[in-house]
Amino acid sequence: MLEEKAAFIKKAESLKPKLYIKRVRPLLGIPTDKLKAGDSTVFDFGNHFVGRIKLKLSSAGSHQDAPAFIKIKFCENKRELDEDAADYHGWISKGWIQEEWLHIDVLPAVVNVDRRFSFRYVKLEVIDVSSKFSLVVDDIEAETYTSANDECVNKYSGSREEEDLDRVSIRTLRNCMQEVFEDGPKRDRRLWIGDLRLQALANYATFKNNDLVKRCLYLFAGTTDDNGRITACVFTEPNVEGDDTYMFDYSLFFIPTLLDYYNETKDLETVSDLFDTAKRQVELAKECFGPDDIINDSDVMGWCFLDWNLRLNKQAGAQAVYIYCEKALVKLAKYLGKSELAAELCNDVENKVKAAKEKLYDKDLGLFVSGREKQVSYATQAWAVLAGIFDDEVNHEILNRLHEYKNAEKMVTPYMYHHYIEALIKSGNKKLAYDKMCSYWGAMIEKGADTYYELFNPENPYESPYGSSVVNSYCHAWSCTPAYFIRSCGLNKENLYNQLI
Ligand code: RAM
């Protein structure tokens, strides 16, 4: 197994993409006025970028008689400009806050900020100079990176609203495409499988960098634990290493990600290489079920992800994810001619579907319920629909009832929203899917988004599972799917109109 994993990583490394490098400058504001202690200035680069900046600084007034002490803050959107990092007391590291504090002993100077940041706005604050001199920023330039080739994307022509949704979606994906599909270039800057799955779908509709998807699949397969379990995310620096975080749904998502990749590329060799790793995820997940074919619930945070709504009960959603992924494995098994295995897997799918119908579906409500408290949520219904526990007609009714049901636990991430929209499409309600896509992602655009956010709850703009929105990411991979919906799923006015006539 060790040798096989090493070979997978080698393969992944052979697919490392080249980065496209572009130099950009802010639209206005150079050179700056003479800046004294307490002064600040904001440079607007006009769009969202990922890169490193270089500053040309000089002094004005008497000879520089003290170091210039400056703070540089990188912001993905305007709102972050006014947030104070000192107010952050959340549970993930404040190391993610995009700020640098620098002393410049001798002016003039060219200062290269080594660390890579994700930003549209760069705020420079003068913490101190002496009373005898001022600081001037003569120039600022960013060297920006992406592994996405902008020229590969066909222009989409539709309504103004659709074009905006598509453009921001592509920008989000583009800036998350680095040496792997990162989840967010501000945070966590690494390869998560839940994000990868959705990025890959948007990528097939736009940049078509299929080798990057392939590389990421091999990275996951090369970093399983001793038991063969797929980790939730992979680090690539200083060396490739799987994280010691495992989530029920994320491990299973290796399977549909491989299936989608096959559907797009017909690359059977990769499927054959990675099939055993895929199959192992179902074997391991199966251990979490009781004798009644219902998955065991758990209170451990993150045992299964689904969404960042901290009140969400995951039991029924996890059961549905299992069914969804096992069905994907059946397809892969069939592509490889493993018909006996496919039949065995189908049998297990049927058992899990039957148990879900009997024990997780509340006939009176006409909705799926989850956990001891029998919680009704969007996440549970969406996944139950995607798993195809019932047929399209019943699925359609379930989502209609959900729409009317007032106390359902809501969704807080574009990631979960994606699955809700996909469920609407699957159950034949493209019109509602279209409206929901436009209103949800459109609301981010109304707020001035150049790229879509990690968390977005229209009812609570400060939504964050981390204790504060200061560490939220505003260019986040899993939110990049409107381009996929518009281009590949027919969520656009032209198609919907054609369907009506
Ligand atoms: C967030 C990450 C990533 C996601 C995990 C579960 O912290 O940024 O996008 O996949 O949560």
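Residues numbered from 1 in each chain as written. Predicted model: local features only at pLDDT ≥ 70, side-chain atom pairs only at ≥ 80, totals over all residues. Heavy atoms only, no water.

**Q** Honestly, empty space enclosed by the protein in this entry has me stumped. Any pointers?
**A** One way to see where empty space is left: roll a probe the size of a water molecule over the atoms. Within this structure, the stated rule accounts for two cavities of 30 Å³ or more. In this model, the largest cavity occupies a volume close to 100 Å³. Lining the largest cavity, in full, are Lys73, Phe74, Cys75, Glu80, Glu83, Asp84, Ala85, Ile97, Gln98, Glu99, Lys186 and Val470. Take the lining of the largest cavity: its biggest share by element is three residues, from strand S3 (residues 68-75). Broken down by class, the residue content of the lining of the largest cavity amounts to five nonpolar, one polar and six charged. If you trace the second largest cavity, you find it lined by Gly95, Trp96, Ile97, Gln98, Arg115, Arg116, Phe117, Lys186 and Arg189. (1 Å grid on protein atoms, 1.4 Å probe; cavity = no way out; pocket = protein on both sides within 12 Å on 5 of 7 lines; lining within 4 Å. Points joined across faces, edges and corners; volume = space filled by probe spheres on them. Helix = DSSP H or I, 4+ residues; strand = E, 2+ residues; numbered from the N terminus. Nonpolar A, V, L, I, M, F, W, Y, C, P; charged D, E, K, R; others polar.)

**Q** Please clarify how the packing of aromatic side chains should be interpreted in this entry.
**A** Each aromatic ring pair is characterised by the separation of its centres together with the angle its planes make. What the rule picks out here adds up to 34 aromatic pairs. Geometrically, the ring pair formed by Phe248 and Trp303 is tilted, given 5.9 Å between the ring centres and 50 degrees between the ring planes. Pair noted here: Phe248 is in helix H6 (residues 248-252) and Trp303 is in the loop between helix H8 (268-286) and helix H9 (315-335), with a separation of 55 residues, a long-range link. Classification of Phe248 as buried rests on a relative accessible area of 9%. On the basis of an interplanar angle of 90 degrees and a centroid distance of 6.0 Å, the ring pair of Tyr417 and Trp441 is categorised as edge-to-face. With a gap of 24 residues between them, Tyr417 in helix H13 (residues 414-426) and Trp441 in helix H14 (residues 430-446) connect regions that are remote in the sequence. (Phe/Tyr/Trp six-rings, centres within 6.5 Å; stacked < 30°, edge-to-face > 60°. Buried < 20%, exposed > 50% of the residue type's maximum accessible area, 1.4 Å probe, protein only.)

**Q** How do you make sense of the nonpolar core when you look at a structure like this?
**A** Taken as a class, soluble globular proteins show a tendency for nonpolar side chains to be buried jointly. Core analysis: the biggest nonpolar cluster contains 142 residues, and Phe248, Tyr250, Phe254, Ile389, Tyr420, Met437 and Trp441 have the highest contact counts within it. Element by element, the count of residues in this core is highest for H9, at 13 residues. The residues that make up this core include at least three from each of domain 1 (20-146) and domain 2 (163-500). Apart from the residues lying within four places of it in its own chain, the contact partners of Ile389 are Ala320, Ile323, Val353, Ala356, Lys357, Phe368 and Ala384. By size, the runner-up hydrophobic cluster in this structure holds 29 residues, among which are Phe49, Ile53, Phe119 and Leu135. (Core = buried A, V, L, I, M, F, W, Y, C linked by side-chain atoms within 4.5 Å. Domains from an automatic or database assignment. Contact = heavy atoms within 4.5 Å.)

**Q** Help me out: how do you make sense of the packing of helix H11 (residues 378-387) against H13 in this one?
**A** The relative placement of two packed helices is expressed as an angle between their axes plus a distance between the axes. Contact geometry for H11 and H13: axes closest at 9 Å, N-to-C directions at 45 degrees. Between H11 and H13, the angle falls in the class oblique. Read as a crossing pair, H11 and H13 show a hand that is left-handed. Residues Tyr378, Ala379, Ala382, Trp383, Val385 and Leu386 of H11 lie in contact with H13, whose contacting residues are Met416, His419, Tyr420, Glu422, Ala423 and Lys426. Of the residues assigned to the contact of H11 with H13, the class counts are nine nonpolar, one polar and two charged. (Axes fitted to C-alpha atoms, helices over the stretch in contact; angles between N-to-C directions. Parallel < 35°, antiparallel > 145°, perpendicular 65-115°, else oblique. Left-handed = near helix turned anticlockwise from the far one by under 90°.)

**Q** What exactly am I supposed to notice about the domain arrangement of the chain here?
**A** In many analyses, interface size is given as the accessible surface area lost on bringing the parts together. Partitioning the chain into structural domains gives domain 1 (20-146) and domain 2 (163-500). Its C-alpha centre places domain 1 at a distance of 38 Å from the equivalent point of domain 2. Between domain 1 and domain 2, the residue contacts involve 24 residues of the former and 30 residues of the latter. Carbon and sulfur atoms supply 51% of the area that domain 1 and domain 2 bury against each other, a total of about 2,500 Å² over both sides. Taken together, domain 1 and domain 2 are joined by three salt bridges. Here Lys186 ties to Glu80 by a salt bridge, and the two come within 2.8 Å at their closest N and O atoms. At the junction of domain 1 and domain 2, the tally comes to 16 residue pairs in polar contact (both at pLDDT 80 or more). (Buried area = accessible area lost by both parts, 1.4 Å probe. Salt bridge = Lys/Arg side-chain N within 4 Å of Asp/Glu carboxyl O. Polar contact = N/O pair within 3.5 Å; in protein donor to acceptor, adjacent residues only side chain to side chain.)

**Q** Help me understand the pairing of strand S7 (residues 133-146), please; the structure alone is not making it clear to me.
**A** For a regular strand, side-chain orientation follows a simple rule: the groups alternate between the two sheet faces. The buried fraction of S7 amounts to 12 of the 14 residues, a majority that puts the element mostly inside the structure. Bridge analysis of strand S1 (residues 20-24) against S7 gives five bridges, and the strand direction is antiparallel. Bridged to Val24 within S7 is Ala142. Across 11 bridges, the pairing between strand S2 (residues 40-61) and S7 is antiparallel. Note on S7: the bridge partner recorded for Lys56 is Asp139. (Pairing = 2+ DSSP bridges.)

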